[in-house]
Amino acid sequence: MEGEAMKKIQAKARAMSSEAYTFNHDSMARRALKNTCLAYLASLNEPDFVELALHEYKSAINMTEQFAALAALSQNPGQVRDDALLDFYNKWQHEYLVVSKWFALQATSEIPGNVANVQKLLSHPAFDLRNPNKVYSLIGGFCGSPVNFHTKDGSGYKFLGEIVLQLDKINPQVNAKYLFSWVFT
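Residues numbered from 1 in each chain as written. Predicted model: local features only at pLDDT ≥ 70, side-chain atom pairs only at ≥ 80, totals over all residues. Heavy atoms only, no water.

Going by the annotation in an unreviewed UniProt entry, the name recorded for the protein is Peptidase M1 alanyl aminopeptidase C-terminal domain-containing protein, with Zea mays given as the source organism.

Right, dumping it as structure tokens:
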């Protein structure tokens, strides 16, 4: 039964990927369904499904479609994920809001040990701790991750504590606002 269901989902995702882009409600709904199917399939981290997500990423004709495929790929650690994230950044690095989404996508990833990835992103050239929107995308995104922020080893809380101390020196008002929203929501 499971194999049949996966085949149906994969067939549905493949069939919808060949549709021409049109901006109307029906097409938007089909793309949303395709992207949901793609995310479910890619989360299984099986080579055929990862290859399908990578194909969707490479053949996307707009940023939204490409980002949806990237989101599917970003949930599995490895070289495919890293290469796709780098490629997306290189393509969209001059779009401020897109880069913020790129940070948030990585921050919310449920890959094991993501706190190390987020710490590494703190030194990325596009990240600035003095920029509230970048802080909210990366740090806020990470703190919204139930898997990695709340790990049993406490590394997510330790990381937030270190960031709070740094932010307090730079912008205490932003720090207080973000700390409240991260911890109490």
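Past the structure itself, the notes keep going.
Describe the overall build of the protein, naming the residues involved and giving the relevant values.
The secondary structure content of the protein amounts to ten helices and zero strands. Taken across its 185 residues, the protein has 41% of its residues classed as buried. Considering only intrachain contacts with a sequence separation of at least 6, the fraction spanning at least 24 residues in the protein is 56%. For the protein, the exposed area adds up to about 10700 Å²; of that, 58% sits on carbon and sulfur atoms. (Helix = DSSP H or I, 4+ residues; strand = E, 2+ residues; numbered from the N terminus. Buried < 20%, exposed > 50% of the residue type's maximum accessible area, 1.4 Å probe, protein only. Contact = heavy atoms within 4.5 Å. Areas by Shrake-Rupley, 256 points an atom, 1.4 Å probe, with all protein chains shown as cover.)

Account for helix α6 (residues 96-107), naming residues and giving values.
The end-to-end C-alpha distance of α6, which contains twelve residues, comes to 17 Å, matching closely the 16 Å that a straight helix rising 1.5 Å per residue would cover. For α6, the full list of buried residues reads V98, V99, S100, W102, F103, L105, Q106 and A107. Considering only its buried residues, α6 is in contact with α4 (63-73), α5 (79-92), α7 (114-121) and α8 (132-143). (Expected span 1.5 Å × (residues − 1).)

Just give me the short version of the side chain of S145, but keep the residues and values in it.
You can see S145 is positioned in the loop between α8 and α9 (155-170). For S145, a relative accessible area of 2% puts it in the buried group. S145 has contacts with A107, T108, S109 and H150, leaving out every residue within four places of it along the chain.

With reference to specific residues and values, describe the nonpolar core.
Counting residues in each nonpolar core, the largest one holds 41 residues, and the members touching the most others are L70, W102, F103, L138, I139 and F142. When residues of this core are traced back to their parent elements, those giving at least two are α2 (25-43), α3 (47-59), α4, α5, α6, α7, α8 and α9. Two domains each put at least three residues into this core: domain 1 (1-81) and domain 2 (94-184). Ignoring any residue separated from it by four or fewer positions in sequence, one finds F103 in contact with L121, H124, A126, F127, K134, S137 and L138. (Core = buried A, V, L, I, M, F, W, Y, C linked by side-chain atoms within 4.5 Å. Domains from an automatic or database assignment.)

Explain the packing of aromatic side chains residue by residue, including any values.
Scanning the entire structure with this criterion turns up eight aromatic pairs. Taking 5.5 Å as the distance between ring centres and 85 degrees as the angle between the ring planes, the aromatic pair formed by F142 and F159 counts as edge-to-face. Taken as a pair, F142 in helix α8 and F159 in helix α9 lie far apart in primary sequence, 17 residues in all. The class for F142 is buried, based on a relative accessible area of 0%. The exposure class of F159 is buried, given its relative accessible area of 2%. Each member of the aromatic cluster is reached from another via a ring pair, and the members are Y89, W102, F103 and F127. (Phe/Tyr/Trp six-rings, centres within 6.5 Å; stacked < 30°, edge-to-face > 60°.)

Which residues make up the side chain of N35, and what are the values?
With respect to the helices and strands, N35 occurs in helix α2. Those residues in contact with N35 that lie beyond four places of it in its chain are E65 and A68.

Report on the packing of α2 against α3, specifying residues and quantitative values.
One can describe the packing of α2 onto α3 by two numbers: an axis separation of 8 Å at closest approach and a directional angle of 140 degrees. Here α3 runs oblique to α2, going by the angle between their axes. For the crossing formed where α2 meets α3, the hand is left-handed. The segment α2 lies against α3, with K34, L38, L41 and A42 engaging F49, L52, A53 and E56. (Axes fitted to C-alpha atoms, helices over the stretch in contact; angles between N-to-C directions. Parallel < 35°, antiparallel > 145°, perpendicular 65-115°, else oblique. Left-handed = near helix turned anticlockwise from the far one by under 90°.)

I'd love a proper account of the packing of α4 against α6, names of residues and values included.
α6 packs onto α4 with a crossing angle of 15 degrees between their chain directions and a minimal axis gap of 11 Å. The orientation of α4 relative to α6 falls into the category roughly parallel. As for the relative orientation of α4 and α6, their crossing is right-handed in sense. Of the residues in α6, those in contact with M63, F67, L70 and A71 of α4 are V98, K101, W102 and L105. In terms of residue class, the contact of α4 with α6 is made up of seven nonpolar, no polar and one charged. (Nonpolar A, V, L, I, M, F, W, Y, C, P; charged D, E, K, R; others polar.)

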